[in-house]
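# Residue-level structure breakdown
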Amino acid sequence: MLEINLLKVENPSCLWGRFVKGPGIEAVENKKEYDDLQMKMNLFYHEVNLHVQKIKLSTIESGQVCVVYWSALRSWCRAIVESLFLGTVGTQAMCFLVDHGERVIVNSDEIRALLDTFLQLPFWVRKFQLAGVHPMTLHVSGDCLEKAELIPSTQWDSSATRYLHNLLQASTEMEAVLCETQADCTAIELYLTVKNVKICVNDDLVSKKFAYFTSQKAHQTSGKNGVVDRSPAVLACDIFSETQNFLATDGCTVRSLSDFRLRQQDPIVHNQGECTFSYCEVFIKNSFLYVFQKVPFVFTEQPTIEEELVCARLLQLLNPDPLNTDVGSSEVTIVHTDPSRSGIMVHSAFTLDPCTSLANAPITDTFRRILMRNKYAGPSVAESYCWPAVARGCDTVLISHSGDQPLTYIPPFLAHMQLSSVFSALSARTGPIAVILCPGWEKAQTVIDLLEESQTFQVLHPMVILLGLGKDEAKTVKIKNDCQVVVTTPFSLVRLLRLHCFLFLRLCHLALDEVDLLFSRAPDEMTIILQHFQRVTASEERVSCPRQIIAVGKRWSRPLEGLLLNHMSNPTVVVTVMEEAALYGNVHQIILLCLDCTKISVLLGALDFTPDVAQKTLVITNSAEEAENVFKAVSNTSAFSLKVHEELTYQFDFVTEQWKKPIGPGTHVILVTTNECMKSLGICDATCVVHYGFPSSPKLFGSRLFCMSQNFQNLSDKVTTSHPAKSVLLLSERNARHVTGVLRYLKRTEASLPPELLHFAQGVLRAKEEQKSDKPLCRYLKSFGFCRDSSVCSYRHSISPITDQPLQPDSGTIVVLPLFIKTASVYYGRIVSKKEDRYESLAAAMTTYYAAEKLGAKEVLEGGLYGVQEDEVYHRVRVTSVPDKGEWMFCSVRALFLDEGREQEVKSHQLLQLPAQFHTLPPQALEIIVCRAMPIDAEVKWNPKVTRAISQKIKGLQHQAKVVLCLGNTVFVDPMVRMTRLPGLKTFINEYNVHAEILSTGMGTSNPQHLDLLNELCQWRAQQNLFPIRRLKNMSRSILTGSNTTWYGNCSASDRKALQRVCVWPSTSLGPSFLQSRTYIIGLVFFSFHPQIKWFQRDDTVTLNIKLREPVDQRCEFFPDRVVYSACVNDRPYRADLELHSNITAERCSWEMKCNEPVIRLVKQERGDWKMLLKQKSAFVSLDFDRFEEDEKKTSNGKILEPFALNSRS
């Protein structure tokens, strides 16, 4: 059975209710979801600044879904229009509330359109009817009312409806069985539990002669008579006439059906001709509705909708004034939307009407056609306000999320420059009239490509100028006479101005693309450029010429304030990012640290209850419960307090009215509200915002700050407020994960930050950095020694003693062969061995093999190894990604060339099977980084022409390189030179130095701090000392002969300390066969400690207890005969490489934390006792006698490598 909740009963054939629970009930029946829907609707339709005309229905028809206000619930509700009629105040509509089962009459102009977002949940109330029963009524015949009989009827008698109400009132549980589902109604058998007795309402109505059965089931039990009811479970007493007696009984007795025949003593004719019948009293049928309000059910009688209609028409008759039958003619004042209501701040000296479509956009027809051809969606919010200002020639500042897109200013900028008045005033001279400054060469190329696409070359002839550091490079620059627009960078423009300042005497337009980056990367150059622009445009002969500065960016910065005040005249400022608008508005930020349990006391201490000026404080919480608690605290103060939250949306108008009342000095008004209600209130004139509940996102934080937008400083009018708006942020221990994001924003406000907060944020940053242990090292960190913003970068910025363990030589001179030039200073290639080049042997073997047989790959799998032929050379590749092939016969896959380092697309049909004998040689490609070189002009990306020049110079040629550092598979070399042997002599000459070649292009500069920064980065783990290479050679023979322990004991203390930084590590394998061979290479690592280990065994397992308390950065690797464990405790690295006495089943081994210590569980390949744990003795490993059982008295001795010794076993 399904549990049901009946909300309203009109008659037994019309029940309104909801399914509560039962099999097959969908999750949408969840009450919380409908409560959330109700809250969102109230917030939207109660919004103070809501544009009513936009959400009104243009036409109203029967059956239309809409939203109406229900005064009984004080809420906006979903409804369906049932009928329309003329009332005293115009057209009225009768609407059925689909989530509550009620009918209300509302004026047509009070009906609102239902948004699609409010239609995601189905209607909550359903219509039910009792299955298989039909109404009966008492028919009285004869002139003297002498004869009465029960006959079928088309309508239910009101006595039956009242009887059903009394049943529901006495019931404690409602259940139903679904019988039939129709389009608008569901037939059910209703079961009620009354005093622990379950009855079937369908049967009970029949037994009381209120109804009769006509179903097939009834006919089967009816006998010969067509209308004879069966014997249902019935009540022990008459609940209709003896309600109080019924409620007083225990409900455990049941009468037979014969006891319910009409009693002879019940009067048929009674008192002055009134007909009174025991079960079918005569009422005005359907004149009362019975509404169930809550559990336990309370039933109230309300007038029906028909009665309300009669009353409305009666009032219409008494009031013969003409009616307004036109639904759309109701007088509604249409107010243009204020941009501040949409979270957009616009400060302008003139009224700015936004363009809403490309049709009315102030751009050229050519550009409009180009945008339409590219399926441009239309002006964004930022563009709709920025384009009109730029097209009018106004100084404009735009801060927006799309501030890095040239389309935010280029289209109207080009339209304005092509006006005839601009050219006529400047035709006497030559030179560009506009300069577009970009933060780097990449953005400059994007802008010039857009100008080419706009087809303005025939008129404006734009050109891009990017100058390097060459001595004569600026002298050789020639600007065409017909060039009107120059795209460049601040550094290049300053170099031009030093030699060719006369070329820019016609300059009257200056566009600053990504202005926040321009000022942060080139502050001195921007000062020079702005001073030159001011001198040129301030001359007397330029009085009639246009003058315009456009600054577009994503973030507000302090230098922009000087740009507005000193270099712009009547500027237009548009900020579409609310948190950036608060920075522009000079909001004073205050940060208070507190415990979550003391937030209210800290809040009261931060509020000024005796202000010198009028104060309006907005306290914002995250829930209605918080709002109630805060209001209770502040209402006991001297301030005038208000509150509103989701459960009090009907008070929006009252609260807004009180808030907007003028107040004088010394008055403090405090409004406590929630995040959801904040937008609906439309407050913009607060003087202080208190963030009692922590904002969960920057957007929410900005929307809170925007409640003070009317008190922001207005730099367009060059007016600063004497009492700046104030923001108070309460930080508790529950907001720890948001600290870094908060600090990133607050540091830009120049607010004083608590030292405790800064210290805590550093710990959070370290913790986040530790979570990146599986990420690769940041490429900018490796290439230049720094990353511009490590807090945002997703890559790792710390050295890992495991991941960054050198896999290549870490010192000395090597011969490298660059094969893939990634950037001007980063290459991929391989090391050329002077004795035996294993790769050349592999390449020859592959050539011989594929010359005889070329088998295509049968199945292409991600991570699989294959062969690829390029010209006459065969390469080993690993497939990194395989796209969905779909219906295509062939497809392209991404493949990594293992011996060259490049990754590119390869046709799947070109992949060849790679035999197993070609898997054993590890990948020969390594990353080579030339140190102390970086791009000029604060760039982090090399100009492609520099990379192209270096590639043509060094690709495929052997170079001598001195290794200064190795991290993982990356070697850092300085220098890297090309050496050429003189013919017939044993003399070599340096043909060129790669570092010098990079600098000679003019696009590169020296970076002397590169290695110093990398070394400082390594020192946070441990102090790095290079072990003398000559002594390493001396000990290599001892290592190979296995006498490393003796050598270690006889070396000096300084050598021993250095040797502790040298370890043996397995190189990366290509497959299982290579993994089993465990080829080792010697490399430089950081100092690590060996942990104490205690072990004990069972017949099938071995357990290792690592005696480390609460370690971090843990890693445990299992091999058939070896276990490697590493971790850190208090920034001290620990590592244990355990070579086991016997083999284990690696895939079944595991480790876990017990009592804050790691425990490793090894599963033996063969059951039985081990005589010892390790092959070699170790002082750090001992038997755990606490766990050693007395009956297992077997000699065991752990053996391991001496600490920090090298093992040559393979």
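Everything numeric here is computed off the predicted structure, so don't read it as measured data. (Residues numbered from 1 in each chain as written. Predicted model: local features only at pLDDT ≥ 70, side-chain atom pairs only at ≥ 80, totals over all residues. Heavy atoms only, no water.)

A tally of helices and strands in the chain yields 32 helices and 54 strands. Looking at the chain as a whole, 50% of its 1210 residues qualify as buried. Of the contacts made within the chain by residues no fewer than 6 positions apart, 67% connect residues no fewer than 24 positions apart. Surface summary for the chain: the accessible area is close to 59300 Å², and the carbon and sulfur share equals 51%. (Helix = DSSP H or I, 4+ residues; strand = E, 2+ residues; numbered from the N terminus. Buried < 20%, exposed > 50% of the residue type's maximum accessible area, 1.4 Å probe, protein only. Contact = heavy atoms within 4.5 Å. Areas by Shrake-Rupley, 256 points an atom, 1.4 Å probe, with all protein chains shown as cover.)

Attention now goes to helix α23 (residues 755-770). For α23, spanning 16 residues, the distance from its first C-alpha to its last is 23 Å, which sits close to the expected 22 Å at 1.5 Å a residue. Those residues of α23 lying buried are L757, A761, V764 and E769. Along the axis of α23, the buried positions cluster into a sector of 135°, meaning they face one direction only. The exposed residues of α23 that point more than 90 degrees off its buried face are P755, E756, H759 and R766. Of the surrounding elements, those touching the buried residues of α23 are β26 (588-593), β31 (726-731) and α22 (739-746). (Expected span 1.5 Å × (residues − 1). Arc of directions from axis to C-beta.)

Before going further, it helps to spend a moment on the UniProt feature "zinc finger region: C3H1-type" (unreviewed entry) in the chain. UniProt's entry tags residues 772-800 with the feature "zinc finger region: C3H1-type" (unreviewed entry), counted in the numbering of this structure. With 21% helix and 0% strand, residues 772-800 has end C-alpha atoms that lie 10 Å from one another. (UniProt positions renumbered as here; feature names shortened; annotations may be inferred.)

So, on to the packing of helix α17 (residues 599-606) against helix α18 (residues 624-634). Between α17 and α18, the shortest axis-to-axis distance is 11 Å and the interhelical angle comes to 45°. Relative to α18, α17 is oriented oblique. Our pair here, α17 against α18, has a crossing hand that is right-handed. Here I600, L603 and L604 of α17 come into contact with α18, specifically with N629, V630, A633 and V634. (Axes fitted to C-alpha atoms, helices over the stretch in contact; angles between N-to-C directions. Parallel < 35°, antiparallel > 145°, perpendicular 65-115°, else oblique. Left-handed = near helix turned anticlockwise from the far one by under 90°.)

The sheet contact formed by strand β36 (residues 892-897) and strand β37 (residues 903-907) spans five bridges and is antiparallel. Bridge pairing links V893 to V906 in β37. Between β36 and β37, which pair antiparallel and follow one another directly, the connecting turn spans five residues, one of which, G901, has a positive phi of 90°. (Pairing = 2+ DSSP bridges.)

A few words now on the pattern of salt bridges. As enumerated under the stated definition, the model contains 35 salt bridges in all. Close ionic contact of R78 with D99 constitutes a salt bridge, the shortest N to O distance being 2.9 Å. Separated by 21 residues along the polypeptide, R78 in strand β4 (residues 75-87) and D99 in the loop between β5 (90-97) and β6 (102-107) bring together distant segments of the chain. Residue class for R78 comes out buried when judged on its relative accessible area of 0%. A salt bridge links K1107 to E1157; its shortest N-O distance comes to 3.3 Å. Of this pair, K1107 sits in the loop between β48 (1101-1106) and β49 (1112-1119) while E1157 sits in strand β53 (residues 1157-1163), placing them 50 residues apart in sequence. Owing to a relative accessible area of 38%, K1107 belongs among the partly exposed residues under this scheme. Through salt bridges with shared partners, a single network forms among K8, E10, E82 and R103. (Salt bridge = Lys/Arg side-chain N within 4 Å of Asp/Glu carboxyl O.)

Closest axis-to-axis distance for the helix α8 (residues 381-391)/helix α9 (residues 410-417) pair is 8 Å, and the angle between their directions is 15°. Taken together, the axis directions place α8 and α9 in an arrangement best described as roughly parallel. The element α8 and its partner α9 pack so that their crossing is right-handed. Contacts between α8 and α9 pair W387, V390 and A391 from the former with P411, P412, F413 and H416 from the latter. Of the residues belonging to the contact of α8 with α9, the class tally is six nonpolar, one polar and no charged. (Nonpolar A, V, L, I, M, F, W, Y, C, P; charged D, E, K, R; others polar.)

The next subject is the sheet that holds β6. Across the sheet, four strands lie side by side as β3-β4-β5-β6; this open sheet has antiparallel pairing. Single-partner strands in this sheet number two, and they are β3 (65-70) and β6. Within this sheet the neighbouring strands show an average axis-to-axis angle of 50°, counted without direction. The sheet contact formed by β5 and β6 spans six bridges and is antiparallel. Residue pairing across strands places L97 opposite E102, the latter belonging to β6. With respect to the sheet, helix α1 (residues 31-45) is in contact with β3 and β4, its orientation differing from that of β4 by roughly 65°.

With that settled, the discussion passes to the environment of T88. Structurally, T88 can be placed in the loop between β4 and β5. Between the C-alpha atoms of T88 and N107, which are 19 residues apart in sequence, the distance is 9.9 Å.

A separate point is the pairing of β49. Two elements, β49 and strand β50 (residues 1122-1129), share six bridges in a ladder whose sense is antiparallel. Bridge pairing in β50 places V1112 opposite C1128. The hairpin formed by β49 and β50 contains two residues between the paired strands.

L437, L510, L512, W556 and L671 are the most contacted members of the largest nonpolar core, which has 82 residues in total. Every residue in contact with W556, bar those within four places of it in the chain, is listed here: V397, I399, E561, L564, E580, L583, Y584, L715 and R748. Judged by nonpolar contacts, the second largest core, of 44 residues, contains M934, I950, V963 and C1018. (Core = buried A, V, L, I, M, F, W, Y, C linked by side-chain atoms within 4.5 Å.)

Read from one edge of the open sheet, eight strands run β18-β25-β19-β24-β23-β20-β22-β21, paired in mixed fashion. Edge positions in the sheet fall to β18 (345-347) and β21 (463-464), since each has one partner strand and no second. Relative to strand β25 (residues 572-575), strand β19 (residues 396-399) runs parallel, the two sharing four bridges. Residue pairing across strands places I399 opposite V575, the latter belonging to β25.

This part is about the packing of aromatic side chains. A full pass over the atoms with the stated rule returns 18 aromatic pairs. Ring plane angle 45° and centroid distance 5.8 Å describe the contact between F1089 and Y1134, whose orientation is recorded as tilted. Of the two residues, F1089 is situated in the loop between β46 (1080-1084) and β47 (1093-1097) and Y1134 in strand β51 (residues 1132-1139); the sequence distance between them amounts to 45 residues. By relative accessible area, which is 16% here, Y1134 ends up buried. Aromatic ring contacts, followed pair by pair, group F44, Y45, Y69, W76 and F118 into a single cluster. The ring of F350 is capped by R392, whose NZ or CZ atom sits 3.8 Å from the centre of that ring. A cation over a ring is seen here: R902 above F897, with NZ or CZ 3.9 Å from the ring centre. (Phe/Tyr/Trp six-rings, centres within 6.5 Å; stacked < 30°, edge-to-face > 60°. Lys NZ or Arg CZ within 6 Å of the ring centre and 35° of its normal.)

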